[in-house]
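Topology and contacts: notes
The chain contents come next:
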Amino acid sequence: MIVTKPEEFFQGEVNDSYLYKQLASNEKDEKIREKLMELSEIEKGHSEFWASVIKEEGGSPVPKIKKIGILYLKFLKSLFGISFIINYLEKGEVRAIEDYSNYLSNYASDEKKIKIQQIIDDEKNHESLFIKMSEEFSLGAEKTHDAIYGMSDGLIEVLAGIAGLTNVLANNIYILIGGIIFAISGMISMTIGAFLSEKAKIQISKNDSKYTSLHAAGNTALFYFIGAIFPILPFIFLPKYLALLVAVILTLAVDAIAASVISISSWGNIRKDVTISVLLVTVGFLTTFAIGLVVHHFVGNIL
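Below or above, wherever it landed, is the structure these notes cover. (Residues numbered from 1 in each chain as written. Predicted model: local features only at pLDDT ≥ 70, side-chain atom pairs only at ≥ 80, totals over all residues. Heavy atoms only, no water.)

1. Let's talk about the side chain of Lys240
Inspection of the secondary structure assignment puts Lys240 in helix H10 (residues 240-265). Although Lys240 lies buried, it forms no salt bridge, and the closest oppositely charged side chain, Glu157, sits 23 Å away as judged by the N-O distance. Within the structure, the side chain of Lys240 is placed 3.1 Å from the backbone oxygen of Leu169, a separation counted as a polar contact. (Helix = DSSP H or I, 4+ residues; strand = E, 2+ residues; numbered from the N terminus. Buried < 20%, exposed > 50% of the residue type's maximum accessible area, 1.4 Å probe, protein only. Lys, Arg positive; Asp, Glu negative; His and termini not counted. Salt bridge = Lys/Arg side-chain N within 4 Å of Asp/Glu carboxyl O. Polar contact = N/O pair within 3.5 Å; in protein donor to acceptor, adjacent residues only side chain to side chain.)

2. Focus: the side chain of Lys91
Here Lys91 shows up in helix H4 (residues 86-106). As a buried residue without a salt bridge, Lys91 has its nearest oppositely charged side chain in Asp273, at a separation of 7.6 Å. The residues touching Lys91, leaving out its near neighbours within four places in the chain, are Trp267 and Gly268. (Contact = heavy atoms within 4.5 Å.)

3. Regarding the packing of aromatic side chains
Remark: the centre distance and the inter-plane angle together describe each pair of aromatic rings, the angle taken between the planes. Taken as a whole and judged by the stated rule, the model has nine aromatic pairs. Counting every residue linked through ring pairs, the aromatic cluster contains Phe9, Phe49, Trp50, Tyr100 and Tyr103. (Phe/Tyr/Trp six-rings, centres within 6.5 Å; stacked < 30°, edge-to-face > 60°.)

4. Regarding the pattern of salt bridges
A full pass over the atoms with the stated rule returns four salt bridges. Between Lys35 and Glu38 there is a salt bridge whose closest N-O contact spans 3.3 Å. Within this pair, Lys35 and its partner Glu38 are both found in helix H2 (residues 30-56), separated by three residues, close to a single helical turn. The exposure class assigned to Lys35 is partly exposed, which follows from its relative accessible area of 29%. The residue Lys112 makes a salt bridge to Glu56 at a minimum N-O spacing of 2.9 Å. Highlighted residues: Lys112 in helix H5 (residues 110-136) and Glu56 in helix H2, separated in sequence by 56 residues.

5. Quick word on the packing of helix H3 (residues 67-80) against H10
Look at H3 against H10: their axes get within 11 Å of each other, and the N-to-C directions meet at 90°. Of the possible angle classes, the one that applies to H3 and H10 is roughly perpendicular. Contacts between H3 and H10 involve Tyr72, Leu73, Phe75, Leu76 and Phe80 on the former and, on the latter, Ala256, Ile257, Ser260, Val261 and Ile264. Taken together, the residues of the contact of H3 with H10 sort by class into nine nonpolar, one polar and no charged. (Axes fitted to C-alpha atoms, helices over the stretch in contact; angles between N-to-C directions. Parallel < 35°, antiparallel > 145°, perpendicular 65-115°, else oblique. Nonpolar A, V, L, I, M, F, W, Y, C, P; charged D, E, K, R; others polar.)

6. Examining the packing of helix H1 (residues 6-25) against H3
For the pair H1 and H3, interaxial distance at closest approach is 10 Å and the crossing angle is 30°. Classified by the interaxial angle, the pair formed by H1 and H3 is roughly parallel. H1 and H3 meet at a crossing whose hand is right-handed. Contact residues: Asn15, Tyr18, Leu19, Gln22, Leu23 and Ser25 in H1; Lys67, Ile70, Leu71, Leu73, Lys74 and Lys77 in H3. The residue makeup of the contact of H1 with H3, split by class, is six nonpolar, three polar and three charged. (Left-handed = near helix turned anticlockwise from the far one by under 90°.)

7. Structural notes on the nonpolar core
In this structure, Leu36, Ile82, Phe84, Ile85, Leu89, Phe130 and Met133 are the most contacted members of the largest nonpolar core, which totals 24 residues. At the level of secondary structure, the elements contributing two or more residues to this core comprise H1, H2, H3, H4, H5 and H10. Per-element accounting of this core gives the leading share, five residues, to H1. Filtering out sequence-adjacent residues up to four positions away, Phe130 remains in contact with Tyr20, Leu39, Ile86, Leu89, Glu90 and Glu93. The next biggest cluster of nonpolar side chains, apart from the first, holds 22 residues, and it includes Val158, Leu165, Ala183 and Phe285. (Core = buried A, V, L, I, M, F, W, Y, C linked by side-chain atoms within 4.5 Å.)

In structure tokens form, the structure reads like this:
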């Protein structure tokens, strides 16, 4: 949706200023931290301009900061570093440029056009900065990509397998062993797939990448294993159906985080992408759980 009102521009700039400041607060790289703080101050200046426009029109600018969403982005950055979030920041600048350009052409008064053009130039500079940063952090982005996909597969595949076994196997130990077998077989499959995929990509691009096929395989294997732990772990401590319930809750929570990271790094709609991912995990769980019920109906508990 195209932004056309000074109030919306004001809120956008207030949130951007707060976002950059929050991202800077836990950034270890001094140069990046200084750049983020510089961007925060620039966006603050933009918000002050729009505040003055609102006041001239008889309004009263009241900042409404989306603290929960911004703190969540800060939390994800603390887990995965700044590389995955660069595309998200770039996307915000692209949208701002489009909205400001539209406002400049269709709504801005003559006395405001020079200042709005300066704001557009600032946003273009920010976009160029993020494009440069995305190139510099491409290695980190690739690592994050493989890590998240590996973790997602570990979560979903192992939960689905355990969901079916819970209705067939009476003993938690056997369900636990079955889950571990699922995890090992899935990890081997994903690792081989990641190795071959990265190898093919390097051969096609003919570039000497620092991120080799071995790196891709190792990263995928590690995070597949981490993802598989969440649905398996409850069966060590809890009765099987309670363990399954906890496993589902843990899996959905971690999957939501993984889906949001993928969405952010690929310019997606976070709410939509997370909802779809959680629904798909739920459907997969219910399907295999139902299959387990059918098997149990005909053969009962095996062990």
